[in-house]
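# Report on the structure
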Amino acid sequence: MSEHRDGNALAGPLADIFTVEATTAEVQCRACGLSTTLAQLVVYGPEPGLVGRCPGCSEHVIRVATTPSGTWLDLGGATSFHFTSTATRASSR
Amino acid sequence: MTGSRLETATAHTLSLRVDEWNGHLPGQHIDVRLTAPDGYQAVRSYSLAAPADDGVIEITVQRLPGGEVSAFLTDIAMIGDQLEIRGPLGNWFVWDQDDPSPVLLVAGGSGVVPLMSMIRARDRADIQTPLRLVHSVRTPQDRIYGDELTRLAAQAGGPSVTWLYTRTAPTTETRPPGRLRPSDLDDGSNWTSGATPICFVCGPTGFVEEAANHLLAAGHHADRIRTERFGGR
C-alpha cells in the first residue's frame, strides 16, 4: 500500500480556487454514492498532483494538479458538493 | 524565520514572523513551499503548534529520513531566512473553543503537534473543558513537548496526559511497550462526567485508522471523531 494522507491536505491547493474553505464541504462519490467530508477523502500525492479517493470504494473523487500554466481541477468523480453555511462562516472569521 | 529549537533528537520547532497574520484556529496548518534554484518546487503541510503570539507562529517539524522539505527546515534553514508559506488552512480538524464537550486527543508521534495547539489554546484562554491527551511514542526520548505537558498536567484544571510507549518504556511504567490497545483509550475513569467527548486523532495513517477503529468500537460516534493523517506507516 502506498503512502497516503487525507483531504485535510487539499486545503492549500483548493484555497486558490474556492472563496470558502472547501475541506469542510460534503462531497458525494459518483461511483458508490457515499457522502463524506472532503477532509476525509483518502489523498495520494505528493504535490503538485493530488488525487482524492473515496474512503468507501477507493474511486477517485477529485484531482488537483498545479502546473506551470495554472491549476487543473477534475471533479468528474463527484456528483455534488455541499458547502454548509457553517463552513462559509468559519472561513470568514 | 525568527527561531529554531530542538524538541527531540529529530523534531525542531521553528518560529516564523508573518506579516499581517490574523490569527488561526487550534488544529489548522500551513503549507510551506520551497523552490530550488532550478525552479523545482516542493510543498508540504505543517500543523501550527501554538496560538499566534504577536504575529509569530510556530510549527514543529519532524525530520524524516530522506525528507527533502523536513531536512531543509531542520538542518539548513537559519534564523533570518525567508520562507514561502500559505495559511492558515483547513477548518475541519479544528477545535471549537466554545464547544463545552470534553476533548479526547489521540496522537501518534509528531501527530501531537496540532493537538498541542489545542492544549495551548485552552491553557491561554483559561478554558476549563475537560481534556485528555493520549500520546503514543516509541521511547521516552520521543516525547515532543514532554516537559511542558508534564507541567500543564500538574496544574489545577490542567489536561490529563498519558504517554504510551511502543518500543521502550521508562522503568516506572507498568504498561508493557506495544502498539495502541482499546484499553489505552478507555481507562474506565469518569473524566468526561458522562458527557459525550469530541475526539481528535492525528498521526501516521496506520495509527489513525487503528485509533479511530478503537474509538468506534468503544461506542464513540463517527460524527464525533475527527482525524488527520500525514502519511507514513
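Residues numbered from 1 in each chain as written. Chains lettered and ligands numbered in written order. Predicted model: local features only at pLDDT ≥ 70, side-chain atom pairs only at ≥ 80, totals over all residues. Heavy atoms only, no water.

## Section: the domain arrangement of chain B
Note on interface size: it is often stated as the accessible area lost on association of the parts. All names here are of chain B. For clarity, the cut-off: The start and end points of each domain follow an automatic or database-based domain assignment. Contacts between residues were defined by any pair of non-hydrogen atoms, one from each residue, lying within 4.5 Å. Once two parts are put together, the accessible area they lose, assessed with a 1.4 Å probe and summed over both, is termed the buried area. Here, a salt bridge means any side-chain nitrogen of Lys or Arg that lies within 4 Å of a carboxyl oxygen of Asp or Glu. Any N or O atom pair separated by 3.5 Å or less is treated as a polar contact, with the protein-specific requirement of one donor-capable and one acceptor-capable atom, and with residues adjacent in sequence counted only for side-chain atom pairs. Helix numbering and strand numbering both begin at the N terminus, where a helix is a DSSP run of H or I of at least 4 residues and a strand a DSSP run of E of at least 2.
The domains assigned to chain B are domain 1 (3–89) and domain 2 (103–229). Residue-level contacts link 16 residues of domain 1 with 15 residues of domain 2. With both sides pooled, the region where domain 1 packs onto domain 2 buries about 1200 Å², and carbon together with sulfur makes up 57% of that total. Summed over the shared surface of domain 1 and domain 2, the result is 1 salt bridge. E58 is the partner of R120 in a salt bridge, and the nearest nitrogen-oxygen pair spans 3.9 Å. Counting the contacts that link domain 1 with domain 2 gives 3 residue pairs in polar contact (both at pLDDT 80 or more). Of all the secondary-structure elements, those providing two or more residues to the side of domain 1 that touches domain 2 are β2 (11–17) and β5 (56–62).

## Focus on the state of the cysteines
Here is the rule: Disulfide assignment relies on a single distance test, namely cysteine sulfur atoms paired within 2.5 Å.
Enumeration over the complete set of coordinates arrives at 0 disulfides over all chains. Sulfur of C29 of chain A: no disulfide; nearest cysteine sulfur belongs to C57 of chain A and is 3.7 Å away.

## A look at the interface of chain A and chain B
Under the convention used in this document: Under the grouping applied here, Gly and all other residues not named as nonpolar or charged are polar, the nonpolar ones being Ala, Val, Leu, Ile, Met, Phe, Trp, Tyr, Cys and Pro and the charged ones Asp, Glu, Lys and Arg.
Taken together, the contact between chain A and chain B spans 20 residues of the former and 19 residues of the latter. Interface area, chain A with chain B, both sides summed: about 1700 Å², of which 48% is carbon and sulfur. The tally of links between chain A and chain B comes to 2 salt bridges. Of the charged contacts, one joins D16 of chain A and R86 of chain B as a salt bridge, the two residues approaching to 2.8 Å between their closest N and O atoms. Summed over the shared surface of chain A and chain B, the result is 7 residue pairs in polar contact (both at pLDDT 80 or more). At the level of elements, β1 (5–6), α1 (11–15) and α2 (85–91) of chain A are the ones that each hand at least two residues to the side of chain A that touches chain B. Ranked by the residues each element gives to the side of chain A that touches chain B, the list is headed by α1 of chain A, at 4 residues. Of the residues in the side of chain A that touches chain B, the class split is 5 nonpolar, 8 polar and 7 charged.

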